[in-house]
Amino acid sequence: MNQLANFTKGFIKENPVFVLLLGMCPALGVTTSAINGLGMGLATTFVLVMSNLVVSLVKNFIPDKVRIPSFIVIIASFVTIVELVMQAYLPALFEQLGLFIPLIVVNCIVLGRAEAFASKNTLLSSIIDGLGMGLGFAFALMLLGGVREILGSGAIFGLKFLQGDGMLVFVLAPGAFIALGYLIALINRLKKTA
Amino acid sequence: MAKTESSFKNMVITLFVVTVVAALALGGVYTVTKEPIAIAKREKVEKAVRFVVPGFDTIMNEFKVLGNDGKDSLTFFETYKNGEKAGTAIKTYSPEGFSGMVWIMVGFAPDGKILNTAVLDHKETPGLGDKMDIKKSNFSAQLQDKNPKDFNLDVKKDGGDVDAITAATISSRAFSDAVERAYKEFEKRD
């Protein structure tokens, strides 16, 4: 497969959030602001790239019957590493995302890419796939977070441009579903014309 | 290269190796990050103490006492400036939040006057209850320079002096409850 296409497919064509509808829990939970979405997306990207890399390296040594438990151990290790490192060096971001970091383990995208892609493809393709999918996820979360932040608090990346409170519903959980629904509709429309 | 066969021996060995490598990696990262994590946590606490008791140079005493309802403990930070008592910061809590515990840091001057307050941790509704945080609204500023001796730490609806946050009486109650709990313990030790 063309490596460029392999990289870019995560953004629109196979976007994990808008098209595959995977990883909904963090996508809806943390996206109360653009910066939270971006932070969560980048943390997931790191885990995706590292787990794809390792899974691709060891795929031939792991017997088929125990591949899922092995992948989960690998993924869980990287998630814990991200959690510890973030807690140590980015405490402010950790405070916002802390609760959701351990949930990267059960994010279907990570296991999905390990199982569906990295365990069947070469090292380089797997890394590029992880990077593309991860950044696609980060992009989706940032977009969703941005929309909710603009509508909900009248700000973007923490910079307030509107006085007052905005529409409270977009900060709360129902707003996440509403914003996600409209974004998916928009992406589908764009895909049709493209 | 041929794929490893799914025999019992192979599976046991694979899982063993995978988990050992993962355990070693995590142990290594934990050792490296242990100290920065402790420092980051400590800094957060000291920043809050500095915010509620301005202008001290050392935290002399630090101790925990059980709250009057026995649900958790309050942490005292007695601060000094040039050897004289500058104030006491108390990390306090209230179990009466709209959704769980509310943690607050309160600074008292030696005479019992409230210097400042800071919300440390809560799970209140964004846009309503979270206005107790000074970053979101001026609600908590009304307690500054008040002495609980002649300022009733109850919301007005309950006959006190605290102006509640609109549509978030429960969160306001929890905030006042936490401050009051700290004051009771402060008074006992003064």
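This structure is a prediction, so every number in the text was calculated from the model and none was measured. (Residues numbered from 1 in each chain as written. Chains lettered and ligands numbered in written order. Predicted model: local features only at pLDDT ≥ 70, side-chain atom pairs only at ≥ 80, totals over all residues. Heavy atoms only, no water.)

### Side note on a nonpolar patch on the surface
Residues and elements named next belong to chain A.
Phase 1 of the analysis: The grouping of Ile150, Leu151, Phe161, Leu162, Met167, Val169, Ile178 and Tyr182 at the surface amounts to a nonpolar patch, some 740 Å² of accessible area in total.
Phase 2 of the analysis: Elements represented by at least two residues in the nonpolar patch include exactly α7 (123–153) and α8 (173–193).
Phase 3 of the analysis: In this fold, Leu162 is placed in the loop between β2 (159–160) and α8.
Phase 4 of the analysis: Owing to a relative accessible area of 44%, Leu162 belongs among the partly exposed residues under this scheme. (Patch = residues over 30% accessible without salt bridge, like charges linked within 9 Å, V, L, I, M, F, W, Y side chains within 5 Å. Areas by Shrake-Rupley, 256 points an atom, 1.4 Å probe, with all protein chains shown as cover. Salt bridge = Lys/Arg side-chain N within 4 Å of Asp/Glu carboxyl O. Helix = DSSP H or I, 4+ residues; strand = E, 2+ residues; numbered from the N terminus. Buried < 20%, exposed > 50% of the residue type's maximum accessible area, 1.4 Å probe, protein only.)

### Considerations on the pairing of strand β2 (residues 73–81) of chain B
All names here are of chain B.
Phase 1 of the analysis: The element β2 is largely enclosed, with a buried count of eight among its nine residues.
Phase 2 of the analysis: Bridging between strand β1 (residues 58–66) and β2 involves eight bridges; their strand directions are antiparallel. What sits directly across from Phe63, in β2, is Phe76.
Phase 3 of the analysis: Count of turn residues in the β1/β2 antiparallel hairpin: six residues, of which Gly70 carries a positive phi of about 70°.
Phase 4 of the analysis: Between β2 and strand β3 (residues 84–97), which pair antiparallel and follow one another directly, the connecting turn spans two residues, one of which, Asn82, has a positive phi of 45°. (Pairing = 2+ DSSP bridges.)

### Concerning unusual backbone geometry
Residue and element names in this part refer to chain B.
Phase 1 of the analysis: In this model, Asp145 sits at a positive phi of 65°, which is unusual for a non-glycine residue.
Phase 2 of the analysis: Inspection of the secondary structure assignment puts Asp145 in the loop between β5 (114–121) and α2 (169–188).
Phase 3 of the analysis: Residue Ala167 is not a glycine yet carries a positive backbone phi of 65°.
Phase 4 of the analysis: Position of Ala167 relative to the elements: it lies in the loop between β5 and α2.

### Looking at the interface of chain B and chain A
Phase 1 of the analysis: With 28 residues of chain B at the interface, the matching set in chain A holds 26 residues.
Phase 2 of the analysis: For the pairing of chain B and chain A, the buried interface totals around 2,200 Å² over both sides, and the portion due to carbon and sulfur atoms is 72%.
Phase 3 of the analysis: Run the count over chain B and chain A and you get zero salt bridges.
Phase 4 of the analysis: Linking chain B with chain A are zero residue pairs in polar contact (both at pLDDT 80 or more). (Contact = heavy atoms within 4.5 Å. Buried area = accessible area lost by both parts, 1.4 Å probe. Polar contact = N/O pair within 3.5 Å; in protein donor to acceptor, adjacent residues only side chain to side chain.)

### As for the nonpolar core
Phase 1 of the analysis: Formed by 47 residues in total, the largest nonpolar core has its most connected members in Val17, Phe18, Val47, Ile101 and Ile104 of chain A.
Phase 2 of the analysis: Every element with two or more residues in this core is listed here: α2 (24–29), α3 (34–58), α4 (67–89), α5 (91–97), α6 (108–118), α7 and α8 of chain A together with α1 (8–52) of chain B.
Phase 3 of the analysis: At ten residues, α4 of chain A tops the list of elements feeding residues into this core.
Phase 4 of the analysis: The contact partners of Val17 of chain A, leaving out residues within four places of it in the chain, are Leu22, Met24, Ala27, Phe137, Ala140, Leu141 and Leu180 of chain A.
Phase 5 of the analysis: Met132, Leu143, Phe151 and Leu153 of chain B belong to the second largest nonpolar core, which has 28 residues in total. (Core = buried A, V, L, I, M, F, W, Y, C linked by side-chain atoms within 4.5 Å.)

### Description of the side chain of Gln87 of chain A
Phase 1 of the analysis: Relative to the elements of secondary structure, Gln87 of chain A occurs in helix α4.
Phase 2 of the analysis: Those residues within four positions of Gln87 of chain A in sequence are excluded, and the remaining contacts are Phe94 of chain A together with Ile37, Ala40 and Lys41 of chain B.

### Digging into the pattern of salt bridges
Residue and element names in this part refer to chain A.
Phase 1 of the analysis: This structure, assessed with the given rule, holds nine salt bridges over all chains.
Phase 2 of the analysis: The salt bridge partner of Asp129 is Arg113, with a shortest N-O separation of 2.9 Å. Here Asp129 is found in helix α7, whereas its partner Arg113 is found in helix α6, with 16 residues between them in sequence.
Phase 3 of the analysis: Here the salt bridges do not stand alone but share partners, grouping Lys9, Arg113 and Asp129 into one network.

### Notes on the side chain of Thr79 of chain B
Residue and element names in this part refer to chain B.
Phase 1 of the analysis: Among the secondary structure elements, Thr79 is positioned in strand β2.
Phase 2 of the analysis: With a relative accessible area of 0%, Thr79 lands in the buried category.
Phase 3 of the analysis: In this structure the side chain of Thr79 is engaged in a polar contact, spanning 2.7 Å, whose partner is the backbone oxygen of Gly87.

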